[in-house]
Amino acid sequence: MGGSQQDLDEDARAAACVAADPVFSALDASGAPIIAASGDPLRVAFLNDPARAVFGEDAGGLAERLFRGDDPGPRRLAELVGELRRRPGLRLERLRFHVSGQAQTVTFLCRSLTAEGGDCFVVAALGVRADSPAQDRRAADASAEARVSDATAALRRSLAARHGARSPRFLWKTDATGRFTDVTHTLADVVGEKSSDILGRSVQDATQSLTLDAAFARAVASRRAWSGVEVEWPLEGDAGCVPTTLGALQMTDSAGRFLGYQGYGVLHIDRGRVAEPAAAIASGSSSEEKSFEASRDNVVMLRAPAAARVDVGEALSSSERLAFDEIARALTEGDLVIAAAEAAAPSEPEPDEQAAPTRRNLEFIAPGPEQSALALARALEEKLARAKSESALLGAAFDLSRAPIAIVAADGMVVRANAQFAACFGMEAAAVESRNLTSLLSPSDAQILSQRFTDAQPHAHARVSPTTAPLRGGFPVDLILRRVFVDGKPVMLVSAEPREAVSADDRALEAARLAAESANAAKSDFLTRVSHEIRTPLNAIMGFAEVMMEERLGPIGSPRYKEYLKDIRASGAHVLSLVNDLLDLSKIEAGKMELSFSRVDANAAIAECASIMQAQANQGRVVMRLALAAGLPPLRADARSLKQILLNLLSNAVKFNEPGGQVIVSSALNDAGSVVIRVKDTGVGMSEEDVATALEPFRQVGASRKASGTGLGLPLTKALIEANHASFSIKSRHNEGTLIEIAFPSPQALAAE
């Protein structure tokens, strides 16, 4: 609703959001005022005809009144915008606003919709409707649609039988030249193969051959976002046509260059018609008009029925489906008609008009969605009362259960416990609640329980056998932990079950496992502390050596001292690298490595690392080649660790190669949709036994020529690859070279996990 190109694009996106949302598109079709706002600060980007009639044409002034006014209504609506951006969903609010020059309490149905260009806040005013000229035109059009020929009625019944009452939708794409590159099969299912044969053809050509409205071609030629273009799409075999609403968003690359359109089409099969001779149409229309005029005094005019109900079963959650069903049900309960803002003052009513309407007269009021807010509010109150009743019933069943059970938060605090669970610890239920469960156990048992709570992927039925076991009826019990999620937050269900009889071997195995976990944790903690203790003096040694090498405070005399200083600095850098590798390896083993996953361009990372290693390859007279596949999808990985992986592999490939050898780095997309990175060299290679040895920390393989190293490079690389959810494979033969392959899973597989 603005003049700039950006405002026009936002207006088109807002209109597309309203059209694509099942709830608001149905309300729009029924005549409810719809307002869509976007941007920061919010500006009105879309107003339908009823909204213009009720609130006026001034979009800027409306935004000030709705979202930035000083009254309680605008302030609450501005708060709703922030709440719905954080937690999307449908919200009903009764707020007081000035409508048509007078203060009224209006029920607003609100929702935040997400579009490609940003969020869009959509509001429907329930309980308010204006008899605008646009609505009169729609009523007239609907009345005309009701007077159709038998052939048109038969066509509509046939289309509805094949495709249902819901208006079918199809998607389409074009390239930068305006040529169709993709169209979904729904179009061919409705209009036939011949009328949907547009792939590879230009929009201009398809418009002319199918006799579509030229507005479609003009909209595509604009290279801007647009919506609401309606064309008459012909059916195959001259069977008629189907009114089709089209809209599209432009596609651009990272540089802003236009790549084409991705658009949608809605086939209104309930308005399909058979082409009829013009004379027949004219005569039929004339006779119907005469017949209508003759009996006007005997007919009570009703508002035309709304469009076919949209099936939102697949697009809404259960709560949203409930809300929408209530709105749809209330369409037959009547409405409150408010005069348009621009209407003149009412004339003096006739005596008959002053009489209170009877129940019979009220039945002829035009149906609409405006009283749905009251019906929905009553339904929600009833459901809330039922939920409270059910919650009380479940709470009573929980407290009276004979099974000892407790609900424990992720931090170990007992949220609720029944009397049977509290009795295992010799306490009352009220005394157990709001206490940490670990405080009821011995220190060693509390440590084990804490590990189970912090486990990233606990077992479905984790069992903890405390050494000082709680008693139930004089018998020791184990604690069974089950993790569930409530509103996305983890909660533990802890129950007490009789301890199972275990053999001495099982107890020894469990003790050994716990000892190994404790030793591993102690090792990681020790390495972390030692690494920090070593780094501080090591950085000082390297820094002072560099200052002395550059003679910043004066000459040092003998040139041999400079050589010694170079050795000191190189040795310090080597030790620091070893400490860093040890620390990274210990963090990965302990599961404490902090990785920041993001979308990473694999080809760019490979090229950058190859450029860094090029000097080392030139020094060893090794040829480095790249074979990168175009159009690879981005990886979901930690960018820093991915570069460390590639640098380690390239360093090994150059180090264990011969002068004149080659290192080939390639990328590809396999049949499973995974991005694969391969590093192949023609170096000394390894046998199967050597490969197993090389993957062990601090182990080195005897090579044909001496090479420096600590034996941590390959184990650390493998650990980093697995931490990035990728797979690692190595193939090598002695004196033939080595091939290492890294496969990153496809985005679809990651989403499924």
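Residues numbered from 1 in each chain as written. Predicted model: local features only at pLDDT ≥ 70, side-chain atom pairs only at ≥ 80, totals over all residues. Heavy atoms only, no water.

> Would you take a moment to explain the confidence of the model for the protein chain for this structure?
Predicted coordinates in regions of low pLDDT should not be interpreted in detail. Scored by pLDDT, the protein chain comes out at a mean of 76, with 75% of its residues at no less than 70. Within the model, pLDDT remains below 50 along residues 132-139, and this stretch shows 11 contacts once partners closer than five positions in the same chain are excluded. Contacts of residues 278-320 to residues separated by more than four positions or lying in other chains number 36 contacts, the stretch itself having pLDDT below 50. (pLDDT = per-residue confidence, 0-100. Contact = heavy atoms within 4.5 Å.)

> Please explain the sheet that holds strand β24 (residues 727-733) as it appears in this structure.
Paired through backbone hydrogen bonds, the strands of a sheet run either parallel or antiparallel to each other. Pairing within the open sheet is mixed, and its 5 strands lie in the order β20-β22-β23-β25-β24. In this open sheet, the two strands that pair with only one neighbour each are β20 (623-628) and β24. When the angles between neighbouring strand axes are averaged without regard to direction, this sheet yields 10°. One ladder, built from 7 bridges, connects strand β22 (residues 662-669) with strand β23 (residues 675-681); its direction is antiparallel. Looking at β23, one finds that A668 is bridged to V676. Running over the sheet, helix α21 (residues 602-619) touches β20, β22 and β23 and is turned about 175° from β20. Here helix α22 (residues 639-655) sits on the sheet and contacts β20, β22, β23 and β25 (737-744); the angle it forms with β23, its principal contact strand, is near 20°. (Pairing = 2+ DSSP bridges. Helix = DSSP H or I, 4+ residues; strand = E, 2+ residues; numbered from the N terminus. Axes fitted to C-alpha atoms, helices over the stretch in contact; angles between N-to-C directions.)

> Explanation requested: the sheet that holds strand β7 (residues 169-174) in the structure shown.
Ordered in space as β8-β7-β11-β10-β9, the 5 strands form an open sheet in which the pairing is antiparallel. Here the strands that pair on one side only, and so sit at the sheet edges, are β8 (180-183) and β9 (226-234). On average, each strand axis in the sheet is inclined to that of its neighbour by 25°, with strand direction left out of account. Summarising the sheet, β7 and strand β11 (residues 258-267) pair through 6 bridges and their orientation is antiparallel. Looking at β11, one finds that F170 is bridged to G265. Against the sheet, helix α1 (residues 5-20) engages β7, β9, β10 (241-252) and β11, with an angle of about 55° to β9. The strands that helix α10 (residues 214-221) touches are β7, β8, β9, β10 and β11; relative to β9, the one it contacts most, it runs at about 140°.

> Whenever I open this one, the pairing of β22 confuses me. Can you help?
Regular strands place their side chains on alternate faces of the sheet. Direction of pairing for β20 relative to β22: parallel, over a ladder of 6 bridges. If you follow R625 over to β22, its bridge partner there is I664. Counting the residues that bridge the hairpin from β22 to β23 gives 5 residues, and of these G673 lies at a positive phi of roughly 85°.

> Whenever I open this one, the pairing of β8 confuses me. Can you help?
By the bridge criterion, 3 bridges tie β7 to β8 in an arrangement that is antiparallel. Paired with T174 across the bridge in β8 is F180.

> What's the story with the side chain of R156 in this structure? I'm lost.
Checked against the element boundaries, R156 lands in helix α7 (residues 150-163). Take R156: its relative accessible area is 16%, and that puts it in the buried class. Among the polar contacts listed, one links the side chain of R156 to the backbone oxygen of D270, at a separation of 3.4 Å. (Buried < 20%, exposed > 50% of the residue type's maximum accessible area, 1.4 Å probe, protein only. Polar contact = N/O pair within 3.5 Å; in protein donor to acceptor, adjacent residues only side chain to side chain.)

> I tried to follow the nonpolar core on my own but got confused; where do I start?
Core analysis: the biggest nonpolar cluster contains 41 residues, and V663 and F744 have the highest contact counts within it. Ignoring sequence-local partners within four residues, the contact set of F744 consists of L635, A637, L642, S674, V675, I677, N724 and A726. Core analysis: the next-biggest nonpolar cluster, separate from the first, contains 30 residues, L159, V183, I198 and L267 among them. (Core = buried A, V, L, I, M, F, W, Y, C linked by side-chain atoms within 4.5 Å.)

> Even after reading the chapter, I still don't get a negative patch on the surface, so can you show me in this structure?
Taken together, D189, E193, D197 and E236 make up a surface patch of like negative charges. Secondary-structure assignment places D189 in helix α8 (residues 186-191). (Patch = residues over 30% accessible without salt bridge, like charges linked within 9 Å, V, L, I, M, F, W, Y side chains within 5 Å. Areas by Shrake-Rupley, 256 points an atom, 1.4 Å probe, with all protein chains shown as cover. Salt bridge = Lys/Arg side-chain N within 4 Å of Asp/Glu carboxyl O. Lys, Arg positive; Asp, Glu negative; His and termini not counted. Charge placed at Lys NZ, Arg CZ, Asp CG, Glu CD.)

> Quick question: what am I supposed to make of α1 here?
Turn by turn, an α-helix covers 3.6 residues, leaving residues three or four places apart pointing in a common direction. Counted at 1.5 Å a residue, the expected span for α1 with its 16 residues is 22 Å, and the 22 Å between its end C-alpha atoms agrees. Buried within α1 we find D7, D9, E10, D11, A12, A14, A15, C17 and V18. (Expected span 1.5 Å × (residues − 1).)

> I would appreciate a short explanation of the environment of R678 in the present structure.
Tracing the sequence through the fold places R678 in strand β23. Among all residues touching R678, those that are not within four sequence positions of it are I664, V665, S666, A668, L739, I740 and E741. Side chain to side chain, R678 and E741 meet in a polar contact 2.8 Å long.

> Hey, could you run me through helix α2 (residues 22-30) in this one?
Among the residues of α2, those classed as buried are P22, V23, F24, S25, L27 and S30. Backbone nitrogen of F24 and a side-chain oxygen of the N-cap are separated by 3.1 Å at the start of α2; the cap is D21. G31 sits one or two positions beyond α2 and adopts a positive phi of about 100°.

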